[in-house]
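Chains, contacts and geometry: an overview
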Amino acid sequence: MTPGALAETPDLHGAYPRLSDEQIARLAARGERRRTRAGDVLYREGDPQCDFFVILEGTVAIIDGSLGHEEVLAVHGPGRFLGELNLLTGESMFVSAVVSEPGEVLVVPITSLRELIAEDSALGDLILRAYLLRRSILIELGAGMKIIGSRYSDDSRRLREFAARNRIPHRWIDLEEDPTAEELLERLGIGPGETPIVVCPSQQILRNPSNADVARAIGLPAPALLAQPALNDLVILGAGPAGLAAAVYGASEGLGTIVLDAVATGGQAGTSSRIENYLGFPSGISGAELTERAVIQAEKFGAHFTLPAEATALAQRDGHFVIHLGDVTVEGRAVLIATGARYRRLDVPRLEVFERTSVYYAATLVEAQQCRGDPVAVVGGGNSAGQAALFLSTHVSQVHLLVREGDLAQGMSRYLADRIQRAPNIDVMLRTEVRELVGTDRLEAIVVENNESHERDKVEARALFVFIGADPHVQWLQGQLALDDHGFILTGAATGAP
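Remember, it's a predicted structure, so these values are computed and weren't measured experimentally.

Criteria and thresholds
- Residues numbered from 1 in each chain as written.
- Predicted model: local features only at pLDDT ≥ 70, side-chain atom pairs only at ≥ 80, totals over all residues.
- Heavy atoms only, no water.
- Phe/Tyr/Trp six-rings, centres within 6.5 Å; stacked < 30°, edge-to-face > 60°.
- Buried < 20%, exposed > 50% of the residue type's maximum accessible area, 1.4 Å probe, protein only.
- Helix = DSSP H or I, 4+ residues; strand = E, 2+ residues; numbered from the N terminus.
- Lys NZ or Arg CZ within 6 Å of the ring centre and 35° of its normal.
- Axes fitted to C-alpha atoms, helices over the stretch in contact; angles between N-to-C directions.
- Left-handed = near helix turned anticlockwise from the far one by under 90°.
- Contact = heavy atoms within 4.5 Å.
- Salt bridge = Lys/Arg side-chain N within 4 Å of Asp/Glu carboxyl O.
- Core = buried A, V, L, I, M, F, W, Y, C linked by side-chain atoms within 4.5 Å.
- Pairing = 2+ DSSP bridges.
- Parallel < 35°, antiparallel > 145°, perpendicular 65-115°, else oblique.
- Nonpolar A, V, L, I, M, F, W, Y, C, P; charged D, E, K, R; others polar.
- Right-handed = clockwise from strand over helix to strand, strands pointing away.

Some points on the packing of aromatic side chains
Per the counting criterion, the structure on display carries 6 aromatic pairs. Aromatic pair Y278 and F281: ring centres 6.4 Å apart, planes at 45 degrees, arrangement tilted. By relative accessible area, F281 is classed as partly exposed at 26%. Here the aromatic rings of Y360 and F465 are separated by 5.1 Å at their centres, their planes lie at 25 degrees, and the arrangement is stacked. One end of the pair, Y360, is in strand β17 (residues 359-360); the other, F465, is in strand β24 (residues 463-466), and 105 residues separate them in sequence. By the burial criterion, Y360 is buried, and F465 matches it. Taken together, F52, F81 and Y131 form an aromatic cluster joined through their ring pairs. One Lys or Arg, R160, reaches over the ring of W172 and ends 4.4 Å from the middle of that ring.

Things to note about the packing of helix α12 (residues 383-392) against helix α13 (residues 414-422)
It is at 10 Å that the axes of α12 and α13 come closest, and there the two elements cross at 35 degrees. When you trace α12 past α13, the crossing you get is left-handed. Residue-level contacts link N383, G386, Q387 and L390 of α12 to Y415, L416, R419 and I420 of α13.

Concerning the pattern of salt bridges
Scanning the entire structure with this criterion turns up 37 salt bridges. One salt bridge connects R35 with E104, and the closest N-O pair in it is separated by 3.9 Å. On the criterion of sequence distance, the pair formed by R35 in strand β1 (residues 32-36) and E104 in strand β5 (residues 96-108) is long-range, its members being 69 residues apart. The exposure class assigned to R35 is exposed, which follows from its relative accessible area of 54%. The shortest N-O distance in the salt bridge between R135 and E84 comes to 2.7 Å. Of the two residues, R135 is situated in helix α4 (residues 121-141) and E84 in the loop between β4 (71-76) and α2 (86-89); the sequence distance between them amounts to 51 residues. Across the pair, exposure class does not vary: R135 and E84 are buried alike. Through salt bridges with shared partners, a single network forms among E433, R435, E436, E449 and R456.

What to know about the nonpolar core
Nonpolar side chains in soluble globular proteins tend to end up buried together. Core analysis: the biggest nonpolar cluster contains 42 residues, and L27, L42, Y43, F52 and L82 have the highest contact counts within it. If one sorts the elements of this core by residue count, α4 sits on top with 7 residues. Excluding residues that lie within four positions of it along the chain, L82 makes contacts with L42, Y43, F52, F53, I55, V60, I62, H76, L87, A97, Y131 and R134. With 27 residues, the next largest nonpolar core counts L392, V396, L408 and A417 among its residues.

Examining the sheet that holds strand β13 (residues 313-317)
Here we have 6 strands laid out as an open sheet, ordered β12-β11-β10-β15-β14-β13, and mixed in their pairing. Looking at strand neighbours, the two that pair on one side only are β12 (304-306) and β13, the edges of this open sheet. Ignoring which end each strand starts from, the neighbouring axes of this sheet average 45 degrees apart. Strand direction decides the pairing type here: strand β14 (residues 320-325) and strand β15 (residues 328-337), joined by 5 bridges, are antiparallel. Residue pairing across strands places H324 opposite T329, the latter belonging to β15. Running at roughly 165 degrees to strand β10 (residues 232-237), helix α8 (residues 241-252) makes contact with β10, β11 (257-260), β12 and β15 of the sheet.

Looking at the packing of helix α3 (residues 110-119) against α4
For the pair α3 and α4, the least separation of the axes is 5 Å and the interaxial angle reads 120 degrees. Considering the angle they form, α3 stands oblique to α4. For the pair α3 and α4, the contacting residues are L113, L116, I117 and E119 in the first and S121, L123, G124 and I127 in the second. Considered class by class, the residues forming the contact of α3 with α4 number 5 nonpolar, 2 polar and 1 charged.

A look at the pairing of strand β20 (residues 426-429)
Where strand β19 (residues 398-402) lies against β20, 4 bridges are found, and the strand directions are parallel. By the bridge assignment for β20, L401 is matched with V428. Following the backbone out of β19, through α13 and into the adjacent parallel β20, one traces a crossover that is right-handed.

As for the sheet that holds strand β9 (residues 205-207)
An order of β7-β6-β8-β9 is seen for the 4 strands of this open sheet, with the pairing classed as mixed. Looking at which strands have only one partner, the edges of the open sheet turn out to be β7 (170-174) and β9. On average, each strand axis in the sheet is inclined to that of its neighbour by 20 degrees, with strand direction left out of account. Bridge analysis of strand β6 (residues 145-149) against strand β8 (residues 197-199) gives 3 bridges, and the strand direction is antiparallel. Bridge pairing in β8 links I148 to I197. Along the sheet, helix α7 (residues 211-218) contacts β6, β8 and β9; its crossing angle with β9, the most-contacted strand, is approximately 170 degrees.

Geometric descriptors of this kind do not, in isolation, establish any biological role.
This is the structure:
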């Protein structure tokens, strides 16, 4: 980037707030002032961590240079602070910060910042809210990590889902549609047959990596990075709302707590665009924000998170439990199983063909970007389907909500049903089920049937979002713990244990 005067980016709903003189003074007591020159790099993409910077004089530009050319994402002036969510979660830096106009910054070690925001709730909330919003902005802009591959590749879909579920800023570059893909691969010296690849913020190139490889490359605590204590007090399997709540309570009581999840923190709640009936959030909260707040809260008390870490077996040894994660084991005095459920799939022909390109089981910003402006269909009559329909209606041209029951409010909260019925571009189709998927490689339409009249109709849809319930995700415990006929773990007297 050529140093020089750049216009400061306006605040976006609290993403780029200015600190008060009093807040800066409190931070200054724990940091040091440093003069800056134009072109100074305060932190760079791929850096494992950095300090907390407050701009006192001059301006700093936030740069994304992951595709070989530099793009200015934001410019900050006096009173603003730098960084985003990874400063609190431990991921590597997804963008760079470069001084555009010389001046002075306040540098606060991250450990000192954590101590201060734990003491000052107003400052802590200001910084956390800004960082959450900045993460969303990076995701929407496609900054950070790059995934290059074919939309027809199962591994491409796996990597995209892992990035989306973990809220990793990234850009998907489609070999079939993106005109820059071929040129980029040529510049990287990679043939199309070697895809999918992941270009990390550090410029490290990963060829068809596992999810754990990606996690390690960007600083997520993957199993191989575990600092193995001899014995944990509490091992929590599953990082959905139940597992996160247990982590907060266990760690706050002084238990050595570790949380394992096969994919990402948040579980099904983490994929929800809006949750409005969760205690303590009268204005509603996104599943991602609820998750990230809970993770930071648990880590504040000393809980450790490890992912992707899929438990494959549970055993007892010397009076404690051993959890197998492939080649790695974790031991604990107590184990809490909160592995939740796995989404049910539609029983329709050729579903697996379209799952690579057009069928989704979550409705986040990442999925919405894949079908922006297109007509889509949402299947399900519960709150998850309703929240998805409302969220998607702000990004796509038309939402067809297919509900098997005859009353929208039968399986959905009344407030949600009322809001859906008022949405101008949501078409509610009651007593309706999907019978066929139409298209070659990508979905073009669906054939639906009224389960009373048995009349069939063809509905245009470029994407299908499925929310038809879930089954217990405890198959890996078969033969190790007692399960009922529906796959739920039996507890108490029902286990038949003495």
